[in-house]
2 protein chains.
Amino acid sequence: MKIIIAGAGAMGSRFGIMLHRGGNDVTLVDGWPAHVDAIRQNGLKANFNGEDITEHIPVMLPSEVKGDTKADLIILFTKSMQLAKMLQDVKPLIAENTKILCLLNGIGHEDTIEKYIPMENIFIGNTMWTAGLVGPGEVKLFGNGSVELQNLGQNQEDAAKNLAKVLSESGLNAKYSDNIHYSIYRKACVNGTMNCLCSILDVNMAEFGATKPAHDIVVTVVNEFAAVAKHEGVDLDIDEVVAHVESCFDPETIGKHYPSMYQDLIKNNRLTEIDYINGAVSRKGKKYQIPTPYCDLLTQLIHCKEDILGAK
Amino acid sequence: MKIIIAGAGAMGSRFGIMLHRGGNDVTLVDGWPAHVDAIRQNGLKANFNGEDITEHIPVMLPSEVKGDTKADLIILFTKSMQLAKMLQDVKPLIAENTKILCLLNGIGHEDTIEKYIPMENIFIGNTMWTAGLVGPGEVKLFGNGSVELQNLGQNQEDAAKNLAKVLSESGLNAKYSDNIHYSIYRKACVNGTMNCLCSILDVNMAEFGATKPAHDIVVTVVNEFAAVAKHEGVDLDIDEVVAHVESCFDPETIGKHYPSMYQDLIKNNRLTEIDYINGAVSRKGKKYQIPTPYCDLLTQLIHCKEDILGAK
């Protein structure tokens, strides 16, 4: 299968490596020149559960994309704010039957994707795999994970199941979901609390969780996500989601980690994905006339931090 | 006039010094032992508009208060969270005619004070004087200022005007106001935006003002203060108050200063007065069934910071 990984950061590299090793015709597309150069010269290096491996996978910059061979599948793994540009860049690879699988964090990406692809070819999903970028051309891939995915177009359930099969044949442990929006909103609740609050307060998840107001803040934010989700027909189990979010506080498991937004914004002064997490809930809330003041203010405070830190 | 300054920090020291020099019988009461010791041994030292002066003013710890001589006037200048305890401590000094003038920052202090004093003896006010604490027993007093004050009890206008006269005779430039709640809410809007936002974002006022979301955040917070004030019969001119708040952004005037909450919390890891500023609006909002989500979250975030920094 001719597969394009559009956005070959840590997680895109994992999928690229596993699908390549699984016998697929994989090409990586990424906008970071040093990373692309390193992969082109030395292959994509990975510490894969303790074993050092090198995969020689074709790679190109978005500007190098040509439409000679169309893709069967494009897996989107960009940062949210790079999605529209990437779709524009890979447009020459899209044929009538090309399927798009969006595995980005955050919510509402289908609104962007459907400007480029007919709904029946769009699939969205959610992954529990992890991956770390060590440097240009080098990643660290530990542990196990899974993928859930679903068709957005009507009557495309078989295509979705087939897509899950393709991923699973390469070890990616993918399953068809009949309620992917639930999983996406549930995961967005984790990102919509831990990411912004740890970044604003300059703490890890356990430290935030140890503050007295943490629980009330989490409950209010999850309720805003749930109100917007409900308007879209997704009925979140609020108590379960709050408990799921608060499991991140445990210092014995992942509590001592800093979420990705903290790494991006506070450590590396990069622009964040806030507009596709809390900011998306704010926008949807405005559209549906549902008040989302906590998401509004948290989004504003992260944008303040971006301005203050000169994030790029 | 027998005057007690209850809380002789920077601002209490200014009032104590000026009223003492104006010929009043002033006694300072303060809970900081090193400060009390220094004043007792060396007098209260001040750089008073460039001139070094020392005033020998009686001073005591709250635990040393005795009821031998009752006070004509007690001026309250504690931190908000110390108010109730101070009122308890100075109770022996209160006679039937003792007047209380509350000049604390923040809103809603009358709810605490009226537990100790009949309403007709309570006066509240607002000061534009500034003062800085250099160290135990030593303050810095520069520039000019003013005081506005009003009676809370009915038919006490003359007493309020008389109180203003007493302060003015010592150079404190005090005026009777027929709408003190307006001034207090207007000033609270400055504290309710600059204090918490600069502390949360770790910036001075000009740096906060330079962020893109600053204006929208200020407008939303001021609207919450105004909605609660309106319920109490105070009709804030929102545009004027927003402009007043945003005048703090100017780096050519006071923009490069860090507000007092920043000094307390971020520099000195002290507990803040947030519960008497945004937190008071939240409490009043709950009571009046007016939503105040921005004040709610800002209050929670400051309490998170207090927990994280181990503030005392």
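If you're wondering where the values come from, they're calculated on a predicted model, not measured in any experiment.

### Details of the nonpolar core
1) Next: By size, the foremost hydrophobic cluster in this structure holds 140 residues, and its most contacted members are A:Leu76, A:Phe208, A:Phe225, B:Leu76, B:Phe208 and B:Phe225.
2) Next: What A:Phe208 contacts, discounting residues up to four positions off in sequence, is A:Met194, A:Leu197, A:Cys198, A:Leu201, A:Val203, A:Ala214, A:Ile217, A:Val218, A:Phe249 and B:Cys304.

### Focus on the sheet that holds strand 9 (residues 132-135) of chain A
Residue and element names in this part refer to chain A.
1) Next: Strand order in this open sheet of 4 strands is 4-3-10-9, and the pairing throughout is mixed. Either end of the sheet is taken by a strand with one partner, and the two such strands are strand 4 (51-55) and strand 9. For this sheet the average axis-to-axis angle between neighbouring strands, irrespective of direction, equals 25°.
2) Next: Bridging between strand 9 and strand 10 (residues 138-141) involves 3 bridges; their strand directions are antiparallel. Of the residues in strand 10, the one forming a bridge with Leu133 is Val139.
3) Next: With respect to the sheet, helix 2 (residues 33-42) is in contact with strand 3 (44-48), strand 4, strand 9 and strand 10, its orientation differing from that of strand 3 by roughly 85°.

### Brief notes about the domain arrangement of chain A
All names here are of chain A.
1) Next: The domains assigned to chain A are domain 1 (2-178) and domain 2 (181-309).
2) Next: On a C-alpha basis, the centroid separation for the pair domain 1 and domain 2 is 25 Å.
3) Next: In this assembly, 17 residues from domain 1 lie in contact with 17 residues from domain 2.
4) Next: For the pair domain 1 and domain 2, the summed buried surface comes to about 1,500 Å²; carbon and sulfur atoms form 54% of the total.
5) Next: Three residues, Met81, Asn105 and Ile107, lead the burial of domain 1 against domain 2; their summed loss comes to 41% of the area buried on that side.
6) Next: Along the contact surface separating domain 1 from domain 2 lie 1 salt bridge.
7) Next: In this structure, the connection of domain 1 to domain 2 is made through 7 residue pairs in polar contact (both at pLDDT 80 or more).
8) Next: Here the side of domain 1 that touches domain 2 gets 4 residues from one element, more than from any other, and that element is strand 8 (residues 122-127).
9) Next: Partitioning the side of domain 1 that touches domain 2 into residue classes produces 5 nonpolar, 9 polar and 3 charged.

### A closer look at unusual backbone geometry
Where the residue is not glycine, phi is negative for most of them; where a peptide bond is considered, it is trans in most cases.
1) Next: The phi dihedral of B:Asn173 is positive, around 55°, even though this residue is not glycine.
2) Next: The partly exposed category is assigned to B:Asn173, whose relative accessible area is 38%.

### Considerations on helix 1 (residues 10-21) of chain B
Residue and element names in this part refer to chain B.
1) Next: End to end, helix 1 covers 17 Å across 12 residues, agreeing with the expected 16 Å (1.5 Å per residue, within 8%).
2) Next: Buried residues dominate helix 1, accounting for 9 of its 12 residues.
3) Next: If you check which residues of helix 1 are buried, you get Ala10, Gly12, Ser13, Arg14, Phe15, Gly16, Ile17, Met18 and Leu19.
4) Next: In the stretch just after helix 1, Gly23 is the one whose phi turns positive, near 95°.

### Considering the interface of chain A and chain B
1) Next: Taken together, the contact between chain A and chain B spans 23 residues of the former and 23 residues of the latter.
2) Next: Interface area, chain A with chain B, both sides summed: about 2,100 Å², of which 74% is carbon and sulfur.
3) Next: When the buried area of chain A at its contact with chain B is split by residue, A:Leu201, A:Tyr294 and A:Leu297 rank highest and sum to 26% of it.
4) Next: For the pair chain A and chain B, the number of links is 2 salt bridges.
5) Next: For the salt bridge of A:Lys212 with B:Asp307, the shortest nitrogen-to-oxygen distance reads 3.0 Å.
6) Next: Inspection of the chain A/chain B interface yields 6 residue pairs in polar contact (both at pLDDT 80 or more).
7) Next: Within the residue set of the side of chain A that touches chain B, elements represented by two or more residues are helix 6 (180-201), helix 7 (205-209), helix 8 (214-231) and helix 12 (293-308) of chain A.
8) Next: In terms of residue count, helix 12 of chain A provides more of the side of chain A that touches chain B than any other element does, 12 residues in total.
9) Next: Looking at the side of chain A that touches chain B residue by residue, the class counts come to 14 nonpolar, 3 polar and 6 charged.

### Structural notes on the environment of B:Asp178
1) Next: Structurally, B:Asp178 can be placed in the loop between strand 12 (174-176) and helix 6 (180-201).
2) Next: It is 9.4 Å that separates the C-alpha atoms of B:Asp178 and B:Glu148, two residues lying 30 residues apart in sequence.

Conventions we followed
Residues numbered from 1 in each chain as written. Chains lettered and ligands numbered in written order. Predicted model: local features only at pLDDT ≥ 70, side-chain atom pairs only at ≥ 80, totals over all residues. Heavy atoms only, no water. Core = buried A, V, L, I, M, F, W, Y, C linked by side-chain atoms within 4.5 Å. Buried < 20%, exposed > 50% of the residue type's maximum accessible area, 1.4 Å probe, protein only. Contact = heavy atoms within 4.5 Å. Pairing = 2+ DSSP bridges. Helix = DSSP H or I, 4+ residues; strand = E, 2+ residues; numbered from the N terminus. Axes fitted to C-alpha atoms, helices over the stretch in contact; angles between N-to-C directions. Domains from an automatic or database assignment. Buried area = accessible area lost by both parts, 1.4 Å probe. Salt bridge = Lys/Arg side-chain N within 4 Å of Asp/Glu carboxyl O. Polar contact = N/O pair within 3.5 Å; in protein donor to acceptor, adjacent residues only side chain to side chain. Nonpolar A, V, L, I, M, F, W, Y, C, P; charged D, E, K, R; others polar. Expected span 1.5 Å × (residues − 1).

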